[in-house]
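So you can see what is in the structure, the chains are spelled out below.
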Amino acid sequence: HSLKSVQSVMVNDRHCFELYGYDIIIDKNLKPWLIEVNASPSLSSTTDSDRVLKCKVINDVISLAIPEDFPGSRSTTSRPNVGSFHVLVDDECEADRKREARFASMRNNFMKKY
């Protein structure tokens, strides 16, 4: 929801992508609190575990950004998922579903009249 709240001022270009960094703290009740969202998070590392985590993030982002069928892609097998990413909302699929439902409703109304 954090990006949906500023969706109207974001540039939507299908020819590029952006990585966001979410700073979150977890309180004693294990409730997460969003502190800030960084449009250009630092990818420098200060510890070995930080370096490993950021390398995995970069690898996952590249895997998402470069389609499997892209010329020169090393992967020839289908990937059921990419890294630790989960699709929460797929706006295109949702728009397609709504459009199909609208057309089905129009078709049904037409059939009832004739």
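See the structure printed just above.
The notes below deal with the structure included here. As the structure is a computational prediction, the values presented were derived from the model and not from experiment.

1. Description of the overall build of the chain
Thought 1: Looking only at helices and strands, one finds two helices and two strands in the chain.
Thought 2: Helices and strands in the chain line up, N terminus first, as β-β-α-α.
Thought 3: Each of the 114 residues in the chain was classed as buried or not, and the buried ones make up 5%.
Thought 4: Long-range pairs, those at least 24 residues apart, make up 20% of the contacts in the chain between residues at least 6 apart in sequence.
Thought 5: Just so you have it, the chain exposes about 10,600 Å², and 57% of that area is on carbon and sulfur atoms.

2. Notes on the pattern of salt bridges
Thought 1: One pass over the structure, following the stated rule, counts one salt bridge.
Thought 2: In this structure, the salt-bridge partner of Asp50 is Lys54, at a minimum N-O distance of 3.4 Å. Here the residue Asp50 and the residue Lys54 both occupy positions in helix 1 (residues 48–65), the gap between them amounting to four residues, near one helical turn. For the pair formed by Asp50 and Lys54, the shared burial category is buried.

3. Overview of the packing of aromatic side chains
Thought 1: Applying the stated criterion to the full structure yields zero aromatic pairs.
Thought 2: The residue whose ring lies beneath Arg102 is Phe103, and the NZ or CZ to ring-centre distance is 5.6 Å.

4. What to know about the environment of Ile58
Thought 1: Relative to the elements of secondary structure, Ile58 occurs in helix 1.
Thought 2: Looking at Ile58, the relative accessible area reads 35%, which means it is partly exposed.
Thought 3: Measuring from C-alpha to C-alpha, the distance between Ile58 and Leu43 comes to 8.7 Å, with 15 residues separating the pair along the chain.

5. A closer look at helix 1
An α-helix turns once per 3.6 residues; consequently, residues spaced three or four apart project the same way.
Thought 1: For helix 1, which comprises 18 residues, the first-to-last C-alpha distance of 26 Å matches the rise-based estimate of 26 Å (1.5 Å per residue) to within 8%.
Thought 2: Asp50, Lys54, Asp60 and Val61 are the residues of helix 1 that are buried. Along the long axis of helix 1, the arc covered by the buried residues comes to 120°, so they all point the same way. The exposed set on the far side of helix 1, more than 90 degrees from its buried face, consists of Asp48, Ser49 and Lys56.

6. Looking at the pairing of strand 1 (residues 21–26)
Thought 1: Two strands pair when backbone bridges link them, and strand 1 and strand 2 (residues 32–38) are joined in this way by six bridges, in the antiparallel orientation. Paired with Ile24 across the bridge in strand 2 is Leu34.
Thought 2: Connecting strand 1 to the next strand, strand 2, in antiparallel fashion are five residues, including Leu30 with a positive phi near 65°.

Quick notes on the rules
Residues numbered from 1 in each chain as written. Predicted model: local features only at pLDDT ≥ 70, side-chain atom pairs only at ≥ 80, totals over all residues. Heavy atoms only, no water. Helix = DSSP H or I, 4+ residues; strand = E, 2+ residues; numbered from the N terminus. Buried < 20%, exposed > 50% of the residue type's maximum accessible area, 1.4 Å probe, protein only. Contact = heavy atoms within 4.5 Å. Areas by Shrake-Rupley, 256 points an atom, 1.4 Å probe, with all protein chains shown as cover. Salt bridge = Lys/Arg side-chain N within 4 Å of Asp/Glu carboxyl O. Phe/Tyr/Trp six-rings, centres within 6.5 Å; stacked < 30°, edge-to-face > 60°. Lys NZ or Arg CZ within 6 Å of the ring centre and 35° of its normal. Expected span 1.5 Å × (residues − 1). Arc of directions from axis to C-beta. Pairing = 2+ DSSP bridges.

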